[in-house]
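Descriptive analysis of the structure
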Amino acid sequence: MTIFSFWIFDRHCNCIYSREWTQVLNPATESSGTINAKANEDNAKLLFGVLFSLRNIARKVGDTPEQENTLNSFATAKYRAHFYESPSGLRLCILSDLETQNLQTQLRDVYSNIYVEHIVKNPLSPVDFKPGSKITNQRFIRLVDRYLGPQ
Amino acid sequence: MIQSLFILNRSGGLIYQHDLNDGLNKLSANEHLILAGTIHGVFAIASKLTPTAVKVSAQPRAQSQGSAVNGNTSGLKSIETDKFSMYIFQTLTGVKFLLVTDPAQGDLNSGCDTAENVLRKIYALYADYVMKNPFYEIDMPIRVDLFDRKIAELVKAL
């Protein structure tokens, strides 16, 4: 099971956190990959667009009067993307390899145990992130890394 | 269980839509066109999002036999939601076949292979009954009774 990257989009569709893991460890920082480096790039917007469109299709085709349909994941021949949307409109996404089948519980865990605990309940963290601003809370970053990052 | 089948031409236009079961919402003709166009766009974007780590190293997962006819090596392949799954098969000429089924049970990769086998059979029917029909104009909506019937037969036999 390999996780390539992790993304958070807020309810205004901005990417507020991105984390990419690489196989090579950077000795200077004791960690690998990049944090919040890709958020302003086109990739974040493309990913958001794909998730948004597919979620709309899922809801249009699969909604029933009793229950909303939710998008769980999509896959290409090379990677799989897992998607979770919180009731408040926060969207979390993980890109992983194809062997990883279902990360819904992990995404929900990251949301309820890490995001809610350290961003929502943190009085110093803004309620709404301004366009361009990112999650820089070190504790949040560390916990996400420990939970999702390579062991 | 197979819910419906879409066929898209090379430019993302919907040329065939067939509801085979009625487990999902009925869409209007306009919504079908929007769905087809969206999938066509997302298909291309999804391959651009391939993580750099996979681009350099990993080989794509070993594909089931006969994958030579599948022109889809990096684009969108499957979508899983709570209520349905959607599988996409692209031929070497760029025609896309979309299969909407009940949600996949168990291993997602083997579900994808099963769907691909069905789609390959549908592709064979398309080649036999649409492309070989002298009255069919390429890239235009498919209105061939025999094709409709053969698709229904194929799905019933599964």
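Quick note: structure is the one above.
Quick notes on the rules
- Residues numbered from 1 in each chain as written.
- Chains lettered and ligands numbered in written order.
- Predicted model: local features only at pLDDT ≥ 70, side-chain atom pairs only at ≥ 80, totals over all residues.
- Heavy atoms only, no water.
- Buried < 20%, exposed > 50% of the residue type's maximum accessible area, 1.4 Å probe, protein only.
- Helix = DSSP H or I, 4+ residues; strand = E, 2+ residues; numbered from the N terminus.
- Pairing = 2+ DSSP bridges.
- Phe/Tyr/Trp six-rings, centres within 6.5 Å; stacked < 30°, edge-to-face > 60°.
- Contact = heavy atoms within 4.5 Å.
- Buried area = accessible area lost by both parts, 1.4 Å probe.
- Salt bridge = Lys/Arg side-chain N within 4 Å of Asp/Glu carboxyl O.
- Polar contact = N/O pair within 3.5 Å; in protein donor to acceptor, adjacent residues only side chain to side chain.

A few points about the pairing of strand β2 (residues 15–20) of chain A
All names here are of chain A. Here β2 lies mainly inside the structure; six of its six residues are buried. Where strand β1 (residues 3–9) lies against β2, five bridges are found, and the strand directions are antiparallel. Residue Phe9 lies in a different strand from β2, and its bridge partner there is Cys15. From the end of β1 to the start of β2, which pair antiparallel, there are five residues, and Cys13 there has a positive phi angle of about 70°. Two strands pair when backbone bridges link them, and β2 and strand β3 (residues 34–35) are joined in this way by two bridges, in the antiparallel orientation.

What to know about the packing of aromatic side chains
Enumeration over the complete set of coordinates arrives at 14 aromatic pairs over all chains. Between the aromatic rings of Tyr84(A) and Tyr111(A), the centroid separation amounts to 6.1 Å while the plane-to-plane angle is 55°, which identifies the pairing as tilted. Of the two residues, Tyr84(A) is situated in strand β5 (residues 80–85) and Tyr111(A) in helix α2 (residues 104–120); the sequence distance between them amounts to 27 residues. Both residues of the pair, Tyr84(A) and Tyr111(A), count as buried. Taking 5.4 Å as the distance between ring centres and 85° as the angle between the ring planes, the aromatic pair formed by Phe97(B) and Tyr126(B) counts as edge-to-face.

What about the interface of chain A and chain B?
Each side of the interface is counted separately: chain A has 34 residues, and chain B has 38 residues. Summed over both sides, the interface between chain A and chain B buries roughly 3200 Å², with carbon and sulfur atoms accounting for 62% of that surface. Put simply, chain A and chain B have one salt bridge between them. Close ionic contact of Glu80(B) with Arg80(A) constitutes a salt bridge, the shortest N to O distance being 3.7 Å. Taken together, the connections running from chain A to chain B amount to 18 residue pairs in polar contact (both at pLDDT 80 or more). Where strand β4 (residues 71–76) of chain A meets strand β3 (residues 76–81) of chain B, five bridges bridge the pair, whose relative direction is antiparallel. Residue pairing across strands places Phe74(A) opposite Ile79(B), the latter belonging to β3(B).

Topic: the environment of Ser18(A)
The topology assignment puts Ser18(A) in strand β2. Each C-alpha atom of the pair Ser18(A) and Phe6(A) lies 5.7 Å from the other, and the pair is 12 residues apart in sequence.

Examining the environment of Ala77(A)
Along the polypeptide, Ala77(A) turns up in the loop between β4 and β5. Owing to a relative accessible area of 6%, Ala77(A) belongs among the buried residues under this scheme.

Focus on the pairing of strand β1 (residues 2–8) of chain B
All names here are of chain B. Of all seven residues in β1, seven are buried; the element is thus mostly enclosed. Where β1 lies against strand β5 (residues 96–101), six bridges are found, and the strand directions are antiparallel. Following the sheet pairing, Ile7 is matched in β5 by Phe97. Judged from the five bridges that link them, β1 and strand β2 (residues 14–19) form a sheet pairing that is antiparallel. In the sheet register, Phe6 faces β2, and the bridge partner there is Gln17.

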